[in-house]
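Each chain, written out:
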Amino acid sequence: MRHVVVIGGGIVGLAVAREVARRGDAVTVLEKESRWAAHQTGRNSNVVHAGLYYAPGSLKARMSIAGNASMVAFAREHGVPVDVCGKLVVATSAGELPRLDALARRAEANGVPAERISAEQAREHEPEVAAVGALHVRSTAVVDYRAVCAALIRLLGEHGADLRLDSPALAIRRSPAGTGIEVATPRGVVRADALINCAGLHSDRVARLAGLVPAATIVPFRGEYFELRPDRRHLVRGLIYPVPDPALPFLGVHLTRMLDGSVHAGPNAVLALRREGYRWRDVSARDLAEVARFPGSWRLARRFARTGAEEVLRSFSRKRFAAGLARLVPAVREEDLVRADSGVRAQAMLRDGSLVDDFLIQSAENQVHVLNAPSPAATSALEIARHVVSLV
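The rules behind the values
Residues numbered from 1 in each chain as written. Predicted model: local features only at pLDDT ≥ 70, side-chain atom pairs only at ≥ 80, totals over all residues. Heavy atoms only, no water. Helix = DSSP H or I, 4+ residues; strand = E, 2+ residues; numbered from the N terminus. Buried < 20%, exposed > 50% of the residue type's maximum accessible area, 1.4 Å probe, protein only. Contact = heavy atoms within 4.5 Å. Pairing = 2+ DSSP bridges. Phe/Tyr/Trp six-rings, centres within 6.5 Å; stacked < 30°, edge-to-face > 60°. Lys NZ or Arg CZ within 6 Å of the ring centre and 35° of its normal.

## Notes on the side chain of Thr217
- Among the structural elements, Thr217 can be located in strand S14 (residues 217–223).
- Since its relative accessible area comes to 15%, Thr217 is described here as buried.
- Not counting chain neighbours up to four residues away, the residues in contact with Thr217 comprise Asp204, Arg208, Phe294, Gln347, Ala348 and Met349.

Here's what the structure looks like:
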């Protein structure tokens, strides 16, 4: 029996740990926070994506399509709330129709159940939507990812896993015999045969601790959300998304009806001033210095200066945020919005300023590092786990 140490207690780390345990190996999970799923997993829109947006054949495409089915099945098997509600991707102007048609072709190439529909058909699903055309994606779902993590924790407990909160990795080295890994934590040294890094926002730092030169650097982007006031929730029945900009991996502000009936609106995307910077006043000199020293940050900023400025302005203006939503649902007004919790996306970036579009996994002897796993990582968590564990 091997012993594998997993760093990171979000949904990917917990799914990886469960897969290790299912294969008959011992596993220790190290999470630096005092609770599980504290960051990306617990601060997203809870959507189970269909695999619509991603390049055919990419890890994201394959794993999100398979993950859509496996995540919904897992939720149903373990009593986790889930609703396969479908979603609309809407074109709000004639100029967006070619991109919508290209998205429909990509859905077909990926095997995603999606139907190109007219504006009239779109309003049958969402009476308040403004659309000149739409794509109806039937397999998109909404799930409680925190509850998924709680189910994974229960399963890991049944397997006898060693689950450690408040246990950041302080140092990593090969064992003196050269056959394993040692991870120093505030609670002592964990000795294992192999290491799997699922540290999300800190995945590149953990890779460096382990002696690797990571293929990409994490640059944090904050996504800010609002909710519709309870008396305005009737404006949205399900999920309404814009046609995405193919140059950026972010999907733009959208509307999502949650399992409890609330309607989340957002997110926008602004540079976070700290890796876990959920507010503008959350600032880390170390994190900012790393971003400033990294040449890719400046190259991205030059390439998307106007887009970035618009996102910052929307961050400070509820009126601008509402205007973005009103492109999709014209009845949404500034006074309908109530501030909700923000999330931070761990976006891997290359030195040339390009954003890593696919999942990025880097291996070394007795080590596997998940260096880029933003959305749809939660959707794909069980599939990522199978793939990663097969590499150890």
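Moving on, there is more to tell.
## So, the pairing of S14
- Burial analysis of S14 places seven of its seven residues in the buried class, which makes it a mostly covered element.
- Judged by which residues are buried, S14 turns out to be covered on both faces: Thr217, Val219, Phe221 and Gly223 on one side and Ile218, Pro220 and Arg222 on the other are all buried.
- Of the strand pairs in this sheet, S14 and strand S21 (residues 343–349) are connected by seven bridges, and their pairing is antiparallel. By the bridge assignment for S21, Arg222 is matched with Val344.

## With respect to the environment of Asp166
- With respect to the secondary-structure elements, Asp166 resides in the loop between strand S9 (162–164) and strand S10 (171–174).
- Those residues within four positions of Asp166 in sequence are excluded, and the remaining contacts are Glu31, Lys32, Glu33, Ser34, Pro186 and Arg187.

## Overview of the packing of aromatic side chains
- Following the criterion strictly, the structure yields three aromatic pairs and no others.
- Taking the centre distance of 6.1 Å and the plane angle of 70 degrees together, the rings of Tyr53 and Tyr54 count as edge-to-face.
- For Tyr53, a relative accessible area of 12% puts it in the buried group.
- Seen in terms of ring centroids, Trp280 and Phe316 are 5.1 Å apart; in terms of plane orientation they differ by 15 degrees. Their pairing is stacked. Of this pair, Trp280 sits in the loop between strand S19 (270–271) and helix H7 (285–293) while Phe316 sits in helix H9 (residues 305–316); the two residues are 36 residues apart in sequence, bridging distant segments of the chain.
- Here Phe316 falls in the exposed class, since its relative accessible area comes to 60%.
- The positively charged end of Arg43 is found above the aromatic ring belonging to Tyr278, 3.7 Å away from the centroid.
- Lying across the ring of Trp280, Arg222 places its NZ or CZ 4.6 Å from the centre.

## Quick word on the sheet that holds S14
- Strand order in the open sheet formed by three strands is S19-S14-S21, and the pairing between neighbours is antiparallel. Edge positions in the open sheet fall to S19 and S21, since each of these has one partner strand only.

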